[in-house]
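# Architecture and fold: a report
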Amino acid sequence: MTPEVVQFIADDVRQRDRDRYLCALLAPRAARGGLLALYAFDAELARIRSAVSETLIGRMRLQWWRDAVSAIFDGGAVPRGNPLLTALQACIAQHRLPRAEFTALFDARAAELEQPAEVVPDLAGLEAFAEGSGAPVTRLALHVLGAHGTAAETAARHVGTAWALTGLARAIVLHAADAGFAADDAITGRARALAGRAAARLDAAEVLPVPRAAVPALLPALIARGYLATLNAARFDPRDARIIRDRPNLLRLMWAAARGRI
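A quick note: this is a predicted structure, and the numbers were derived from the prediction, not measured.

The next subject is the overall build of the protein. From N to C terminus, the protein includes 14 helices and zero strands. Scanning the protein from its N terminus toward the C terminus, one meets helices and strands in the order α-α-α-α-α-α-α-α-α-α-α-α-α-α. Here the C-alpha atoms of the protein give a radius of gyration of 18 Å, agreeing with the 18 Å that 2.2 N^0.38 yields for 262 residues. Its C-alpha atoms give the protein principal-axis dimensions of about 50 × 45 × 30 Å. Restricting the contact set of the protein to residue pairs at least 6 apart, pairs at least 24 apart contribute 75%. Total accessible area computed for the protein in this model is approximately 12,500 Å², and 54% of it derives from carbon and sulfur atoms. Taken as two groups, the 32 positive and 27 negative side-chain charges of the protein have centres that lie 6 Å from each other.

What follows concerns the side chain of Asp12. Among the secondary structure elements, Asp12 is positioned in helix H1 (residues 3-16). Setting aside residues up to four positions removed in sequence, Asp12 forms contacts with Asp17 and Ala40.

Together, Leu250, Leu251 and Met254 make up a nonpolar patch on the protein surface, roughly 310 Å² of accessible area in all. You can see Leu250 is positioned in helix H14 (residues 250-259). A relative accessible area of 40% places Leu250 in the partly exposed class.

What follows covers the environment of Arg197. Within the fold, Arg197 resides in helix H10 (residues 185-206). Relative accessible area serves as the criterion here: at 31%, Arg197 is assigned to the partly exposed category. Spatially, the C-alpha atoms of Arg197 and Ala124 are 9.7 Å apart, while their sequence positions differ by 73 residues.

Tallying each qualifying case throughout the model produces 18 salt bridges. Here Asp42 ties to Arg20 by a salt bridge, and the two come within 2.5 Å at their closest N and O atoms. With Asp42 in helix H3 (residues 29-46) and Arg20 in helix H2 (residues 18-25), this pair connects stretches of sequence that are 22 residues apart. Here Glu131 ties to Arg201 by a salt bridge, and the two come within 2.8 Å at their closest N and O atoms. Of this pair, Glu131 sits in helix H8 (residues 123-145) while Arg201 sits in helix H10, and the two are 70 residues apart along the sequence. Accessibility expressed as a relative area gives 25% for Glu131, which makes it partly exposed.

A few words now on the confidence of the model for the protein. When pLDDT is averaged along the protein, the result is 93; 97% of the residues meet or exceed 70. When the elements of the protein are averaged for pLDDT, helix H4 (residues 48-51) gives the smallest value, 88, and helix H11 (residues 215-218) the largest, 98.

Considering all chains together, one arrives at one cavity of 30 Å³ or more under this definition. Taken as a whole, the largest cavity holds about 30 Å³ of empty space. If you go around the largest cavity, the residues you meet are Leu45, Ile48, Arg49, Leu62, Arg109, Glu112 and Leu113. Elements that contribute at least two residues to the lining of the largest cavity include exactly H4 and helix H7 (99-114). For the lining of the largest cavity, the element with the most residues is H7, which contributes three residues. Here the residues of the lining of the largest cavity sort into four nonpolar, no polar and three charged.

Attention shifts here to the packing of helix H12 (residues 220-233) against H14. At a minimum axis separation of 10 Å, H12 and H14 run at an interaxial angle of 145 degrees. The chirality of how H12 crosses H14 is right-handed. Here H12 contributes Leu222, Ile223 and Arg225 to the contact with H14, which in turn contributes Arg252, Leu253 and Ala256. For the contact of H12 with H14, the residue count by class is four nonpolar, no polar and two charged.

Definitions and cut-offs
Residues numbered from 1 in each chain as written. Predicted model: local features only at pLDDT ≥ 70, side-chain atom pairs only at ≥ 80, totals over all residues. Heavy atoms only, no water. Helix = DSSP H or I, 4+ residues; strand = E, 2+ residues; numbered from the N terminus. Rg over C-alpha atoms; globule rule 2.2 N^0.38 Å. Contact = heavy atoms within 4.5 Å. Areas by Shrake-Rupley, 256 points an atom, 1.4 Å probe, with all protein chains shown as cover. Lys, Arg positive; Asp, Glu negative; His and termini not counted. Charge placed at Lys NZ, Arg CZ, Asp CG, Glu CD. Patch = residues over 30% accessible without salt bridge, like charges linked within 9 Å, V, L, I, M, F, W, Y side chains within 5 Å. Salt bridge = Lys/Arg side-chain N within 4 Å of Asp/Glu carboxyl O. Buried < 20%, exposed > 50% of the residue type's maximum accessible area, 1.4 Å probe, protein only. pLDDT = per-residue confidence, 0-100. 1 Å grid on protein atoms, 1.4 Å probe; cavity = no way out; pocket = protein on both sides within 12 Å on 5 of 7 lines; lining within 4 Å. Points joined across faces, edges and corners; volume = space filled by probe spheres on them. Nonpolar A, V, L, I, M, F, W, Y, C, P; charged D, E, K, R; others polar. Axes fitted to C-alpha atoms, helices over the stretch in contact; angles between N-to-C directions. Left-handed = near helix turned anticlockwise from the far one by under 90°.

Now the structure itself:
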């Protein structure tokens, strides 16, 4: 990757996913570019549904990315001129990333696009979506870091799912705040249930004997813990300013990265 592409990707992640941008900065230097490419790619897919007014347009955007990634793996003609795709292609080649994780991620985002906006999935459906959209990225991050093993893979599945569940819980509360809604049983009940599932996933991950090399990929677990604690302290009330102001504890992240434990 050229320095211009590296800087573009870093700026993109800093703007759209500052939490995992901080986590990437705490990874070994050789892995940072790959992690940032993955997180930028994930942010790009995640915004498709909210960025389009028609499902058909969303399908076309997602299919463009699916076709482009397939071209990378199949040795086909990869579209030029897109710095994110350039960075992703370099990351896949350098770290020999597995295709199956990308397929799982695309499938989860495709299912999300087809979900009618007026239909809210049940808790099991939301957790399944969280695992499909969150776990593959975290497992790919392990490959970038050269961290392998059953414990690391299992922890990555739990942390990736917890990260997505935490995002869903916060989104419900923050969207309610943006719309001027007060706390009610529907909002707090769904957010509390999602937060509970996220916490259970984090508990499952934290007892696993993961190798030190895996820790940078799992640092979002600490950020999720902080967000969940704030949501609980605020009783999931959209009017509570602590939820809007919440930010990661950088010192805690740095300490976890330094000692090699989440």
